[in-house]
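# Structural overview
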Amino acid sequence: NGHKNPRFLAEAIAVLRREGLPFCGLFIGAGEQADDLASREGCRLHGYMPADQLAELYVASDIAAWPVSYSASQVEAAACGLPVIMTIEELELREVCIPYRELDLDSMVAVLRRLASEQERQRVGLAGARIVHDRLSWNVIARTRARDYAAAVERRDYESLAPGASSGGGKAPA
């Protein structure tokens with residue numbers, strides 16, 4: 001997909017390969033840049049995959065990178081223990097990814113070069129997976145939402161909402 005700009009990531013991989021680093025990019029999806037990606041050395045194109053099958057590729061990968069887009073896929077990749085590279089503004093997600101300056105080739109190359117170290121990939125990946133599990137999982141989100149609803153119901157002034165009610169009501173009996 002062109003708006004995700006996978007060609008940019010392929011250019012960063014080419015720089016690292018010229019330096020002798022063994023980077024290879026696996027691109028998932030089929031968009032306007034697919035033919036270009038498939039023709040580049042060190043790049044493989046997988047084509048579209050259903051979301052429920054992406055975890056298989058995540059656990060077989062070393063790094064996940066999204067040059068310009070944001071979706072739930074980044075959180076899913078982090079949950080699988082992958083270090084995630086992306087531009088990001090949300091503080092919560094900044095903790096599970098390694099940000100780079102958007103569409104700045106030197107910045108992307110520097111982050112990828114940093115992740116050439118298996119020890120660094122493991123450190124970043126485990127930290128991200130822990131944060132996703134502890135703060136961003138569906139179970140945590142559901143518990144938080146249920147607590148928020150319960151607190152809102154507790155604070156609600158039901159008598160003042162009744163038709164014809166005068167102001168100054170109070171809480172409905174429990």
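Below is a short write-up of the structure. (Residues numbered from 1 in each chain as written. Predicted model: local features only at pLDDT ≥ 70, side-chain atom pairs only at ≥ 80, totals over all residues. Heavy atoms only, no water.)

### Some words on the packing of aromatic side chains
By the definition in use, this model includes one aromatic pair. With a centroid separation of 5.9 Å and 20 degrees between ring planes, the pair formed by F8 and Y100 is classed as stacked. With F8 in helix α1 (residues 6-18) and Y100 in the loop between β5 (97-99) and α6 (105-114), this pair connects stretches of sequence that are 92 residues apart. When its relative accessible area of 5% is taken as the criterion, F8 is described as buried. (Phe/Tyr/Trp six-rings, centres within 6.5 Å; stacked < 30°, edge-to-face > 60°. Helix = DSSP H or I, 4+ residues; strand = E, 2+ residues; numbered from the N terminus. Buried < 20%, exposed > 50% of the residue type's maximum accessible area, 1.4 Å probe, protein only.)

### Some remarks on the sheet that holds strand β4 (residues 84-86)
Pairing between the strands of a sheet is mediated by backbone hydrogen bonds and can be parallel or antiparallel. Taken together, three strands build an open sheet; the order of strands is β3-β4-β5 and the sheet is parallel. Two strands close off the open sheet at either side, each with one partner strand: β3 (64-66) and β5. The mean inter-strand angle of the sheet, taken between neighbouring strand axes irrespective of direction, is 25 degrees. Looking at chain direction, β4 and β5 are connected through three bridges and run parallel. The residue of β5 that forms the bridge with M86 is P99. (Pairing = 2+ DSSP bridges. Axes fitted to C-alpha atoms, helices over the stretch in contact; angles between N-to-C directions.)

### Considerations on the pattern of salt bridges
Between side chains of opposite charge, a pair can form as their charged atoms come close. Tallied over the full model, the rule gives seven salt bridges. A salt bridge links D36 to R7, with the nearest nitrogen and oxygen atoms 2.7 Å apart. Of this pair, D36 sits in helix α2 (residues 34-39) while R7 sits in helix α1, and the two are 29 residues apart along the sequence. A residue is classified by how much of its surface remains accessible, and D36, at 24% relative accessible area, is partly exposed. A relative accessible area of 30% places R7 in the partly exposed class. Salt-bridge contacts for E41 lead to R17; the nearest nitrogen and oxygen are separated by 3.2 Å. In this pair, E41 sits in the loop between α2 and β2 (43-47) while R17 sits in helix α1, placing the two residues 24 residues apart along the sequence. On the basis of relative accessible area, E41 is assigned to the exposed category, the value being 65%. The network of salt bridges with shared partners includes R7, D36 and R40. (Salt bridge = Lys/Arg side-chain N within 4 Å of Asp/Glu carboxyl O.)

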